[in-house]
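# Architecture at a glance
The residues making up each chain are set out below.
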Amino acid sequence: MKKLLALLMALVMAASMAACGNSTQNETADTDKEAADMPAETDAEEPEADGEGAEAEYVIRYAFTSPQNSQVGRIAEGFKERVEELSGGRITVEMYPDAQLGDKAANLESVRAGELEMCDASASDMSSYCPRWSVFSFPYMFDNSREMLDVVRSEAVFEKLDADTTAAGFKIVTFADFGSRNVFANKAIRTPEDAKGIKIRVMNDPILAKTMELMGFSAISLGWSEVYTAMQQKTIDALEQNEALCADNMLFEVADTYSYTEQFRIPGIQYMSAKFFDSLPAELKEAVVQAGIENEESIYEWFPEYNQASIDVLKENGVEFVEVDKGAFIEATASIKDYYFGLDTTPEDAQELYDAMMAARDEIRGE
């Protein structure tokens, strides 16, 4: 009986396959006949050259916490323009400003997990995933923004940064110039003595917080999207940021004195999900990398003028700009490196990254 059942099943399967074959052949024959009977089209449109008009194959959702009409928004638009052009329309970028998809910490985690394609954050924000990146929170490391960019893009340094972020689930797309970070409060902060008792907002990095404490402040870690309300409600008394983002986010409504302490030059970074980047074909990976570098160079061209316009906006809204005793702040924070490298929690490879950065900086300076 088992042999008989097996034989019957085999016969049924064979008959079904034959029927399918005949059906397919008949359908093919009918289709060919219909095609033959149809008149030839003489003016069919040719596909557009270089991928123009092609439907996007990949969508990049790009999240940031600042308004669309801001420095961060302009950086995002620059990347969008370049990558869509370089990919021939195969990649499109959708922007989500004003913390629509969450604050920086939430966006970074979504990018790391591959749930979001791209976001904006700073180098110090990455210290939560790459602990040795706390070295970006050392004060007074760079004389100017060009020096900072040349250091992070130097071969020895970028190789380490790229390896760190890739291992953590990210891809560096663009390093952005955000100028120097200074203190914005409702009183002048000219010396460490003036900073005593002032609660200042800092990014989520313990070394950055320690640096501000050495400057005399009480440091409070808050997401950027919380700063305006925290200033309004007196949860904090001050923040430290560049002029452009203070103007872009209308912080002149809650603070009126901008003190040029210039403690940090920390690159902003446009991070892409490594999962998303790895899913792209080789030619589109190349387009993303090239778009990031072209956008990066563009930022360093337009940012000084943009920042000056932001200073003008702040002044028009009653903000006073004051010079400080920077030497006093440099002296007050000089111990931060020894403090950091003396901690049991400091990664063993942190010194390696810092030394590479300083070697690149000294070479650039000709020292």
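Everything that follows concerns the structure shown earlier in this document.
Residues numbered from 1 in each chain as written. Predicted model: local features only at pLDDT ≥ 70, side-chain atom pairs only at ≥ 80, totals over all residues. Heavy atoms only, no water.

Looking now at helix α7 (residues 206-214). Of all the residues in α7, the buried ones are Ile 207, Leu 208, Ala 209, Thr 211 and Met 212. For α7, the secondary structure elements touched by its buried residues are β6 (199-202), β7 (218-221), β8 (238-241), β9 (257-264) and α13 (336-341). (Buried < 20%, exposed > 50% of the residue type's maximum accessible area, 1.4 Å probe, protein only. Helix = DSSP H or I, 4+ residues; strand = E, 2+ residues; numbered from the N terminus. Contact = heavy atoms within 4.5 Å.)

So, about the packing of helix α4 (residues 145-152) against helix α11 (residues 282-316). Between two packed helices, what matters for the description is the angle formed by their axes and the separation of those axes. Running from N to C, α4 and α11 cross one another at 165°; their axes reach a closest spacing of 11 Å. Taken together, the axes of α4 and α11 are roughly antiparallel relative to one another. Between α4 and α11 lies a crossing whose hand is left-handed. Within the contact between the two elements, α4 uses Ser 145, Arg 146, Met 148 and Leu 149 and α11 uses Glu 296, Glu 297 and Tyr 300. Looking at the contact of α4 with α11, its residues break down into three nonpolar, one polar and three charged. (Axes fitted to C-alpha atoms, helices over the stretch in contact; angles between N-to-C directions. Parallel < 35°, antiparallel > 145°, perpendicular 65-115°, else oblique. Left-handed = near helix turned anticlockwise from the far one by under 90°. Nonpolar A, V, L, I, M, F, W, Y, C, P; charged D, E, K, R; others polar.)

So, about the packing of aromatic side chains. Here the structure, examined in full by the defined rule, presents 17 aromatic pairs. Consider the rings of Tyr 62 and Phe 79, whose centres lie 6.4 Å apart with planes at 70°: the pair is edge-to-face. Separated by 17 residues along the polypeptide, Tyr 62 in strand β1 (residues 58-63) and Phe 79 in helix α2 (residues 71-86) bring together distant segments of the chain. For Tyr 62, a relative accessible area of 0% corresponds to the buried category. Taking relative accessible area as the criterion, Phe 79 reaches 1% and is therefore assigned buried. Consider the rings of Phe 184 and Tyr 258, whose centres lie 5.6 Å apart with planes at 65°: the pair is edge-to-face. (Phe/Tyr/Trp six-rings, centres within 6.5 Å; stacked < 30°, edge-to-face > 60°.)

Turning our eyes to something else, we now look at the sheet that holds strand β3 (residues 118-122). Judged by pairing direction, the sheet is mixed, and its five strands sit side by side in the order β2-β1-β3-β10-β4 without closing on themselves. In the strand order of this sheet, the two ends are held by β2 (91-96) and β4 (170-176), each with one partner. In this sheet, adjacent strand axes meet at a mean angle of 30° when their direction is disregarded. Note that β4 and strand β10 (residues 268-273) share six bridges and pair antiparallel. In the sheet register, Phe 175 faces β10, and the bridge partner there is Ile 269. Running over the sheet, α2 touches β1, β2, β3, β4 and β10 and is turned about 165° from β2. Along the sheet, α11 makes contact with β1, β2, β4 and β10, crossing β4 at roughly 25°. (Pairing = 2+ DSSP bridges.)

Next up on the list: the pairing of β6. With four bridges connecting them, β6 and β7 associate as parallel partners. The residue of β7 that forms the bridge with Val 202 is Ser 221. For the crossover from β6 across α7 to β7, the handedness is right-handed. Two elements, β6 and β8, share two bridges in a ladder whose sense is parallel. The residue of β8 that forms the bridge with Arg 201 is Leu 239. (Right-handed = clockwise from strand over helix to strand, strands pointing away.)

Take Phe 136: it is sitting in the loop between β3 and α4. Taking the relative accessible area as the measure of exposure, Phe 136 reaches 1% and is therefore buried. Remark: the alpha-carbon pair of Phe 136 and Phe 264, spanning 128 residues in sequence, is separated by 8.4 Å.

Moving on, we come to the pattern of salt bridges. Within this structure, the stated rule accounts for 18 salt bridges. Here Glu 109 makes a salt bridge to Arg 112, at a shortest N to O gap of 2.6 Å. Residue Glu 109 and its partner Arg 112 are located together in helix α3 (residues 104-113), separated by three residues, close to a single helical turn. By relative accessible area, Glu 109 is classed as partly exposed at 33%. For Arg 365, the salt bridge goes to Asp 143, with nearest N and O atoms at 3.3 Å. Taken together, the positions of Arg 365 in helix α14 (residues 350-365) and Asp 143 in the loop between β3 and α4 put the pair 222 residues apart, joining distant regions of the chain. Each of Arg 132, Asp 164, Asp 349 and Glu 352 takes part in one network of salt bridges that share partners. (Salt bridge = Lys/Arg side-chain N within 4 Å of Asp/Glu carboxyl O.)

To continue, consider α11. Along its 35 residues, α11 runs 49 Å from first to last C-alpha, staying within 8% of the 51 Å computed at 1.5 Å per residue. At Trp 302, α11 shows its largest kink, close to 40°, and the proline Pro 304 lies no more than four residues downstream. One or two residues past the end of α11 sits Gly 318, with phi positive at roughly 90°. (Expected span 1.5 Å × (residues − 1). Bend = angle between axes of the 7 residues up to and from the residue.)

Here we come to the pairing of β10. Along β10, six of the six residues are buried, which leaves the element largely enclosed by surrounding structure. Side chains of β10 alternate between two faces, with Gly 268, Gln 270 and Met 272 and Ile 269, Tyr 271 and Ser 273 buried alike.

What follows is about the environment of Ala 287. Examined against the element boundaries, Ala 287 turns out to sit in helix α11. Residue class for Ala 287 comes out buried when judged on its relative accessible area of 4%. Sequence-wise, Ala 287 and Glu 85 are 202 residues apart; in three dimensions their C-alpha atoms are separated by 8.8 Å. Beyond its immediate stretch of four places on either side in the chain, Ala 287 contacts Val 83, Leu 86 and Ser 87.

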